[in-house]
Each structure stands twice: as C-alpha cells, then as structure tokens.
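If you want the building blocks of each chain, they are given just below.
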Amino acid sequence: MTPYFSQKISDYYFDNKWHLTSSFMQSFPRISLDIISTPIPGLADDRSWIRSGFGNITAASAFAHIRPQFPKVDWGSWIWAPFIPARRSLFVWRTIVGKLPTFDMNRLIGIQGPNRCPLCSAAEETMDHVLLNCPFSASIWADVFRWFLIDQPLPLDVGSMIRFSIHQKNSKQVGNLWKAGVVSLLWSLWSHRNNVIHKNFAPSRHLILKQVRVFLCEAANNFVLGTMANSVSDLLILNNISIAGQPRKPFSYIYVAWHLPPPSWIKVNTDGSVREGRIHAGGVFRNAFNDVLGCYHFSGGQGVAFEAELFAIIIAIESVHRAKWERVWFESDSSFVVQLLQSLSETIGGFFGFSS
Ligand SMILES: [Zn+2]
C-alpha cells in the first residue's frame, strides 16, 4: 500500500514539540491551534486501517469497503416469511428489481417477437401491466382487496403495490395473511401467464383466486400467523377468506339471565360506556309483559366508565320521576354503581330495588 502523503507526523513533531511551518500556520490558524493543543504520546508512527475498530485490516472489512453499496429498502424483510415458500418471495424480489422476462424486457436484450399481453390480448406486456394493470389481473386484485376490506383504487405499479402492502395496518394474523395473499397473487398471476403462453391454458380468474385461497389456508393451517384483533373488521376479513380467527386470549362466558319484572312493576336496564373519552349512557324500560315502554340514549362530555354507568342510572331515575312510576326495578351491569346506590337504600330502598 503506497502512502498518500510522503510526510510523517514525526517531520512536524519532535523534541516533544510541534514544528509547524509559518506558512501553514498563517494559512490555517484555527487548525494549527487545534494541532498544537493535541497531545501526542511518545510513540513511533504507524499505519492504521480506519475502517476497523482496532486499526487492523481484515478481509471482511476490506470487502465491506469495496463492495457496491445500495440504498436500504423497506421491503427487504417484508417479502420473506416462514409461511411463504422461498421461491415465491424470490419471485417478488425479481419483480421489485425489474428482472422479470416480460416481452418488453426481452426486446431490450435483443429477443425479437410479438409483444402482446397473453391475459387480455389487448395491450403490450410489461411487468406492471401483466401483474397489476391488465383488466384481467386488476379484477382479481379488486377481489382480494374486497376480501381484506380495502376500499381504495389499485396502486399504479408493482413497486407502489408492494409499498402500499407493507404499510397496511393490520393485526398480526390478518397482516400475515395479507402479506401471503399479495405475494401468492403476484406469483400466481405470473405462473398463470406462463401457462397461458407455454401450455395453452385459457386465462381463468377462478383458478387464480382458488390458488390464492388454497395458499392462504395452507399458511394458516401449517404456521403460527399470530393473533387477530377483537374487531368486526378482522372477523369479516377472516370470514371472507374462510380462515378461523386466532383470538388474543380465550373468550370467557358469563351466564346472564334476564327476568321479567313482577306484575305492576317496571324494569329498567341501564348501561354506560366510554368511547374515545366521551361518555355514552342508555337504558330500556319494560313492563311485566315484556312491552318496551321507552328507551333513552345520552352522549355526554369526557368521563370514565363508572361515571357513564352512574349517568345512565341518574337519567333513568329522572325519567321514572317524570313518569310518576312507583314500582321500578333498576338493573345495571356495574356492581360498583349498584353498591353505591344500595348504600343510600335507607332513604330510597322502599321505592327502588337494585340488582347487578
Ligand atoms: Zn393484459
């Protein structure tokens, strides 16, 4: 290795002192000051490899220095997963780096021939067309979007489609199924395109959708894909693709029996909840014949669940008072509210009955 500079530190530092030239000090006064104020241990000059921590050059650090550097990509880890066969992930990687042998790419490397999309026979074949924009492919994507309750137009190219897919917010289970669906649909479209060209298959939407469904079922049956969210949307998505949901924790069931009020009594069931910090309260009045006499709902200001439950009771009491009902059975699912009101039963206990 040839040194870039012929001078050594020792040419400027000897007798325990810096000897900078006056022209250098005049030209670079601040740097000169920094140099002069830097202590130098009394060691001989040595060469040091700046790219390794200890100054030693190693094959690994030299290779890391000379190998081509590419910008980091956010899809790198997304397309690989235990539940996706490596060749399907590899196929998606080829699409992202533009290495699919579509007719337009073949022309670029000198392979002459007709360029017509085999799936629609109406446009020239490019990667974005055959995998996404072709009316045949787009209609299949639309179906898969519907399965996953995605209500927006298709991205314009495969790269945007992958980026869009990565940034979809889903529970673990639905997110993994979505990833498996996207990767397997891209792969199925391409293998179907090859079968149409080389095996004279007729383009079939049904076949591709079936392949994707089967692949999703295989992934769900053979791998742990994580848990679903306790949400209606996750239930609908999993129902659309016929896959059993994996709830976060086993559901527990509480047996609750509702009883009619006695003759000449009225029963009011109240409930309260808090959603996004706002109080919601409601209740239903019924008589001994199970007729609904009335109901109410109230949305109030900020509060906590207990306040919402209490609010529901207060509104019910006001309603009872206005209606001049005398025998009323209050029922609330908040044991805390029931306990609170029972503690006042000395004054109102003869008029109201409470149960939880
Ligand atoms: Zn087409």
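The structure this text deals with has already been given above.
Note that the structure is predicted; figures quoted are calculated from it, not measured.

Chemist: Residues and numbers for the pairing of strand β4 (residues 278–287), please.
Modeler: Of the strand pairs in this sheet, strand β3 (residues 266–275) and β4 are connected by 10 bridges, and their pairing is antiparallel. Within β4, the position partnered with V268 by the bridge is F285. A loop of 2 residues connects β3 with β4, the two strands running antiparallel in sequence, and E276 in this loop sits at a positive phi of about 50°. With 8 bridges joining them, β4 and strand β5 (residues 292–302) adopt antiparallel strand pairing. Considered in β5, the bridge of R286 is made with V292. Hairpin remark: β4 followed by β5, antiparallel, with 4 residues in the connecting loop; positive phi at N290, about 70°.

Chemist: Please give an account of the environment of N239 that cites residues and values.
Modeler: Inspection of the secondary structure puts N239 in helix α12 (residues 232–240). Residue class for N239 comes out exposed when judged on the 12 C-beta atoms lying within 10 Å of it. Between the alpha carbons of N239 and W147 there is a distance of 8.7 Å; along the sequence they are 92 residues apart.

Chemist: Summarise the packing of helix α8 (residues 135–147) against helix α11 (residues 205–222); cite the residues concerned and give the values.
Modeler: As a packed pair, α8 and α11 sit with axes 10 Å apart at the nearest point and diverge in direction by 40°. Comparing the axis directions of α8 and α11 gives the class oblique. Helix-helix and strand crossings are classified by hand; for α8 and α11 the assignment is right-handed. Contacts from F136, S139, I140, D143 and V144 of α8 reach α11 at R205, I208, L209 and V212. Among the residues making up the contact of α8 with α11, the classes are represented as 6 nonpolar, 1 polar and 2 charged.

The rules behind these values
Residues numbered from 1 in each chain as written. Predicted model: local features only at pLDDT ≥ 70, side-chain atom pairs only at ≥ 80, totals over all residues. Pairing = 2+ DSSP bridges. Helix = DSSP H or I, 4+ residues; strand = E, 2+ residues; numbered from the N terminus. Buried ≥ 20, exposed ≤ 12 C-beta atoms within 10 Å, placed from the backbone. Axes fitted to C-alpha atoms, helices over the stretch in contact; angles between N-to-C directions. Parallel < 35°, antiparallel > 145°, perpendicular 65-115°, else oblique. Left-handed = near helix turned anticlockwise from the far one by under 90°. Contact = placed C-beta atoms within 7 Å. Nonpolar A, V, L, I, M, F, W, Y, C, P; charged D, E, K, R; others polar.

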